[in-house]
Amino acid sequence: MKSNLMVVAGFLMAPVCLFGLLYHQAFIWVVCPQALVVMFLRQSQNGYDSLGAADYPDLAVGLLYYPLIGWILARASRRGLFRRVVVRVALWHCVAIGLAVGAAEMRNQIWGF
């Protein structure tokens, strides 16, 4: 039951990421930084975008990230590796937050010229 709950929670978090990306919500920096990394790196490679809006690659990451993490955690729970995998997921999430901040700064530096 516990493992199924994680998969369901992953699918319930996907619309939260999409909402945050589409409506430029501040909570997205913590909830779905992986999509922000993709967005800022994509934007830094193209011309100036006055809206700074999310596009299909960013939305795809936001849509798929939490269901994938829910599946990974459910599988780890069934195999008895839950704590170990949760720690790794949490660490990678923190790394993604740092990468999102760094990618945003890189984009802002490029757009500043």
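None of these values were measured; they are calculated from a predicted model.

Asks: If you had to explain the nonpolar core to someone new, which residues and values would you point to?
Replies: With 22 residues, the main nonpolar core has Cys 17, Leu 21, Ile 28, Cys 32, Leu 36 and Phe 40 as its most contacted residues. Elements that contribute at least two residues to this core include exactly helix H1 (2–22), helix H2 (28–31), helix H3 (33–45), helix H4 (56–79) and helix H5 (82–112). For this core, the element with the highest residue contribution is H4, accounting for 6 residues. Apart from the residues within four sequence positions on either side, Ile 28 is in contact with Val 16, Cys 17, Gly 20, Leu 21, Pro 33 and Leu 36.

Asks: Talk me through the packing of H3 against H5; I want residue IDs and the actual numbers.
Replies: Interaxial distance between H3 and H5 falls to 8 Å at its minimum, and their mutual angle equals 20°. Viewed along their axes, H3 and H5 adopt a mutual orientation that is roughly parallel. Crossing of H3 over H5 shows left-handed handedness. The segment H3 lies against H5, with Pro 33, Gln 34, Leu 36, Val 37, Phe 40, Leu 41, Gln 43 and Ser 44 engaging His 93, Ala 96, Ile 97, Leu 99, Ala 100, Ala 103, Ala 104, Met 106, Arg 107, Ile 110 and Trp 111. Residue composition of the contact of H3 with H5, by class: 14 nonpolar, 4 polar and 1 charged.

So, how was this worked out
Residues numbered from 1 in each chain as written. Predicted model: local features only at pLDDT ≥ 70, side-chain atom pairs only at ≥ 80, totals over all residues. Heavy atoms only, no water. Core = buried A, V, L, I, M, F, W, Y, C linked by side-chain atoms within 4.5 Å. Buried < 20%, exposed > 50% of the residue type's maximum accessible area, 1.4 Å probe, protein only. Helix = DSSP H or I, 4+ residues; strand = E, 2+ residues; numbered from the N terminus. Contact = heavy atoms within 4.5 Å. Axes fitted to C-alpha atoms, helices over the stretch in contact; angles between N-to-C directions. Parallel < 35°, antiparallel > 145°, perpendicular 65-115°, else oblique. Left-handed = near helix turned anticlockwise from the far one by under 90°. Nonpolar A, V, L, I, M, F, W, Y, C, P; charged D, E, K, R; others polar.

In short, geometric facts, not functional conclusions.
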